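# Residue-level structural notes
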Amino acid sequence: MSMVQNFPFFSIIIAMFAGIVSSVLSGKKARNLSLAMIAVTILLSGAVFYYCLKNQVSYTYMMGHYPAPWGNEIRAGILEGFTAAFFGAVMLLAVIGGMRHTRQDVEEGKQNLFYIMIDLMLSSLLALVYTNDLFTAYVFVEINTIAGCGLIMIRQKGRCLSSAIRYMIMSQLGSGLFLIGLSLLYDVTGHLLMSPAREAAERITAAGTYEIPMLVILALISVGLAIKSGLYPFHYWIPDTYGYATPTASAILSGLVSKGYIFLLIKIFYRVLGYEYVISSRIINVLFVFGVAGMIMGSVHAIMEEDMRRMIAYSSVAQIGYIYMGIGLGTQAGMVAAIFHIFTHSATKALLFISSVGLYEVSGGRKDYHSLRGAGYRNPLAGIGFSVGALSMVGFPMLSGFISKLLFAASALQSPHKMLITLIALAVSTILNAMYFLRMVITLYRPSMEPSKSEKGTGRNSWNLCLAIFSFILLNLLLGLGSQPIVGAIGDGLMMFD
Amino acid sequence: MAMNLLLNIEETVSVVLFGIGFTMLLLHQNLIKKIMGMNIMDTAVYLFLAAKGYIHGRQVPIITDGIQDVSAYINPVPSGLVLTGIVVSVSTTALMLSLTIRLYERYHSLDLDEILRGMRKEERL
């Protein structure tokens, strides 16, 4: 066994230890430790990805002394390695981009608490990506929720506190449903480790016994994770939460947290319940319908919003709807499209939140359309960043959003029943996306009526904001222009995912 | 069907409690009652999970009288899972209670409607 195979375990452990050690460090040291740790985990995950890609292998790693089916396992493959490296990269850029605002928004003595939450969030994301055990997944889902709540409420404004309460309420509901589904699954199959549970579940579905319990398990797990990731009818906590947190927290919450839960859902579909069983059940159609509804209603709400950050948050609702629509299509191609859109959305939404900070800073701190007029001239780099992000969400060629929509449309052609609805929903939601995103981009570049405002706040951007926006744009272009090998890697990874 | 509900009385009660807790969580306006509802909801899930381990006529899984045979004891795994769940529930309750204290110090009310009204008034100023 080569050294590289230990790396998934190392990355989870050093993320956790960095969090524990940060509790006794001062704010600045905690920040440097956090940045160093995220960089190291990106390298480790990249090494795992490269190793799995080169050898075309997906291996399980025993955690502790007991083999399956009694012990705990993690599993690494092409898809897991790439996802872990990508999430780490987005988190690093989000932390760098929001560094100055974190220093301003958070009280002096509590700076290290923020970075503890970041470290715990990274460790729980890595564990959700790599885990092969259901109850470990539940525990890290809860750690993710609590770390997310910590990130929201670190800023003491009233809005943040009430949005944190709403976030916790909806999250606890989702976790409760997920846990009942897990207990039923344990009761019916007798295993908590994913691979033995899969064998037992396949025996059960083949024999036709326990038909209703299996359906209920699928429904509870899907609805529980869908509530936590913000699928359409359960999305009401999203605009308050993403709109009022610190920029790093908004970028991480919108870009990474929901995606971790969706990744876990896809993993459970493939590795526990069996892909054929999931496709043949009605639950996929329910997810599809809610996904399509989310695509349209999310954009409709975004058009009605005046505040820029709430608008970006509603756009998140629409994009999560895209991902669930891809999952709900029920084909392998649809799943590849959904996973590619997970990556696209993480990078683009984080870019949008980080650039929006630069834009409203030079507009006197106000976020409505009128004050943001001409902000693209006052802060050129943030304007370019926001424009690239907005065009990517609309689906401009050369950027990653275009490849996502192309993949969705191509996969829709393969499923005859849902083809028409998917194509119509894609077209309508692209028009709706264009309505609010392009309106914002045009507003940014309109010459401002009041010349006095253009003098205020044309200070230079801090180096961290420049670095973050520039890297995000590069990431977006990489996904858009170099999409063929990435889509190929995702497809290969999915082949070995079960 | 009523016979099945009575035979699996623990699961039935747990679903009823889950419904009660969930209704309290969503529909009450008082923050403390919301937290209580969340706790009732979580406790219902643990009752469900713990009931999965029970086997009629067997003992607690602590070796007594030197009997090492597996068939004399109930399944110990769900009890361990419930312990983990209880820890999670305690942490979440602590987090929500601290949020409640912060909100009370700021807006001097435990009612979510009044808090939202106070928040909007603060923002308009």
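Here's what I pulled together on the structure shown here. No experiment lies behind these values; they were computed from the predicted model shown. (Residues numbered from 1 in each chain as written. Chains lettered and ligands numbered in written order. Predicted model: local features only at pLDDT ≥ 70, side-chain atom pairs only at ≥ 80, totals over all residues. Heavy atoms only, no water.)

This part takes up the overall build of chain A. Along the backbone of chain A there are 22 helices and two strands. In terms of overall dimensions, chain A is globule-like: its C-alpha atoms have a radius of gyration of 22 Å, near the 23 Å expected for 498 residues. With respect to the three principal axes, the spread of C-alpha positions in chain A is 75 × 55 × 45 Å. Counting over 498 residues, chain A shows a buried share of 65%. (Helix = DSSP H or I, 4+ residues; strand = E, 2+ residues; numbered from the N terminus. Rg over C-alpha atoms; globule rule 2.2 N^0.38 Å. Buried < 20%, exposed > 50% of the residue type's maximum accessible area, 1.4 Å probe, protein only.)

All right, on to the nonpolar core then. All names here are of chain A. M91, L273 and F386 are the most contacted members of the largest nonpolar core, which has 194 residues in total. Not counting residues up to four positions away in its chain, the partners in contact with L273 are L185, M214, I217, L218, I268 and V278. By size, the runner-up hydrophobic cluster in this structure holds 10 residues, among which are L329, F408, A425 and L426. (Core = buried A, V, L, I, M, F, W, Y, C linked by side-chain atoms within 4.5 Å. Contact = heavy atoms within 4.5 Å.)

Attention now moves to the side chain of S175(A). All names here are of chain A. Looking at the secondary structure, you find S175 in helix α7 (residues 158-189). At a separation of 2.6 Å, a polar atom in the side chain of S175 contacts the side chain of E142. Residues contacting S175, with those up to four places away along its chain left out, are Y138, E142 and K228. (Polar contact = N/O pair within 3.5 Å; in protein donor to acceptor, adjacent residues only side chain to side chain.)

With that settled, the discussion passes to the interface of chain A and chain B. Chain A puts 30 residues into the contact, and the matching count from chain B is 34 residues. Where chain A abuts chain B, roughly 3000 Å² becomes buried across the two surfaces, and 79% of that area is made up of carbon and sulfur atoms. On the surface where chain A and chain B come into contact, there are one salt bridge. Linking D187(A) and K52(B) is a salt bridge whose minimum nitrogen-to-oxygen distance equals 3.4 Å. Summed over the shared surface of chain A and chain B, the number is three residue pairs in polar contact (both at pLDDT 80 or more). Broken down by secondary-structure element, the contributors of at least two residues to the side of chain A that touches chain B are α6 (134-153) and α7 of chain A. Of the residues forming the side of chain A that touches chain B, the biggest block, 19 residues, is contributed by α7(A). Class assignment of the residues belonging to the side of chain A that touches chain B gives a composition of 18 nonpolar, six polar and six charged. (Buried area = accessible area lost by both parts, 1.4 Å probe. Salt bridge = Lys/Arg side-chain N within 4 Å of Asp/Glu carboxyl O. Nonpolar A, V, L, I, M, F, W, Y, C, P; charged D, E, K, R; others polar.)

Residue and element names in this part refer to chain A. The N-to-C vectors of helix α15 (residues 332-361) and helix α17 (residues 380-394) enclose an angle of 145°; their axes lie 8 Å apart at closest approach. In terms of crossing hand, the pair formed by α15 and α17 is left-handed. Residue-level inspection shows T344, H345, T348, K349, L351, L352, S355, G358 and L359 of α15 in contact with α17, the latter providing A382, G383, G385, F386, V388, G389, A390, S392 and M393. When the residues that make up the contact of α15 with α17 are grouped by side-chain class, the tally is eight nonpolar, nine polar and one charged. (Axes fitted to C-alpha atoms, helices over the stretch in contact; angles between N-to-C directions. Left-handed = near helix turned anticlockwise from the far one by under 90°.)

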